[in-house]
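# Secondary and tertiary structure notes
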Amino acid sequence: QEGPVVDDFVHEVTENGHTWYVFPRAGRPRSLAILIHSRISARTLNVAFGCKSGRVAYVDMDFGCEGVRFLNVHLPHSGDTDVDYEAALDSLATTVVEGRSERKLVICGVDANAELGGQESSDNPHIIGRHGLSTRSERGRLFANRLHCSRLAASNTMFQKPFDTSWTHKLWSTGSRRQIGFILIDSIARGKVRNVAINDALDGKSDHQCLAATVALSRKIRRPMKPKKKTTG
């Protein structure tokens, strides 16, 4: 989610062959980072990347016939104003629209610093599912409204999981656990997400749990159909 502190873009290949992107922090305490597994990087063409406002970073990749825009987003915490929060949501919306204009499938990992809770009566069930934890916070309402406007589905609210594999963040001060991390996907493609759960394969000092999604991507290249020849009688 958040990486080391850098003021200039860093792009390097690790000793294990993974591709590591770290984006300029743009005045923030830490930088956003995206790590791409070696088995993906080696066979993927047309990689592009960018960052907006130090809070939204993306990497574009092609998988067979399907282009994907992977986003890493860190929204402002409670110490920042609602204006700051809305500005970060604007950056997210702009990056999503740009990706869709290039016919990319949008998949986003976001530290929302907001609780969506379970599905409310006004929610589109294709956007927010019935299995979110706790109740919606005030920032959660801002976040939920923007998800509806941007047609992004909070995929981990759509899978019923035990509490221990659903919470994403533990407060240092109180030890309370909450769900403020989400994996978002274009709502029209939500069926591509086969599973979302906590994954403890990545180990490090953090107050967040690692959230992982299994997404089925199209690999078959579809060729345009040839028009039928007209016959004359």
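What comes next is a walk through the structure. (Residues numbered from 1 in each chain as written. Predicted model: local features only at pLDDT ≥ 70, side-chain atom pairs only at ≥ 80, totals over all residues. Heavy atoms only, no water.)

### Re the packing of aromatic side chains
All told, the structure shown has six aromatic pairs when counted by the stated rule. A centroid spacing of 4.7 Å and a plane angle of 15° characterise the contact between Phe9 and Phe49, whose relative ring orientation is stacked. Taken together, the residues Phe9 in the segment before strand 1 (10–13) and Phe49 in strand 4 (residues 48–52) connect sequence positions 40 residues apart. For the ring pair Phe63 and Phe70, a centre distance of 6.3 Å and an interplane angle of 80° mean the geometry is edge-to-face. A relative accessible area of 6% means that Phe63 is categorised as buried. Given the relative accessible area of 23%, Phe70 is considered partly exposed. Ring pairs connect the aromatic residues Phe9, Tyr21, Phe23 and Phe49, which therefore count as one cluster. Sitting over the ring of Tyr58, Arg69 keeps its end group 3.8 Å from the ring centre. (Phe/Tyr/Trp six-rings, centres within 6.5 Å; stacked < 30°, edge-to-face > 60°. Helix = DSSP H or I, 4+ residues; strand = E, 2+ residues; numbered from the N terminus. Buried < 20%, exposed > 50% of the residue type's maximum accessible area, 1.4 Å probe, protein only. Lys NZ or Arg CZ within 6 Å of the ring centre and 35° of its normal.)

### As for the environment of Ile107
With respect to the helices and strands, Ile107 occurs in strand 7 (residues 104–111). For the pair Ile107 and Tyr58, spaced 49 residues apart in sequence, the C-alpha to C-alpha distance is 9.6 Å. Contact partners of Ile107, with chain neighbours within four places excluded, come to Val68, Arg69, Phe70, Leu71, Ile183, Leu184, Ile185 and Val215. (Contact = heavy atoms within 4.5 Å.)

### Topic: unusual backbone geometry
The backbone of Ala26 sits at a positive phi, close to 55°, despite the residue not being glycine. Take Ala26: it is sitting in the loop between strand 2 (19–22) and strand 3 (33–36). Despite not being glycine, Ser134 has its phi angle at roughly 65°, a positive value. Following the sequence through the fold, Ser134 ends up in the loop between strand 7 and helix 3 (138–150).

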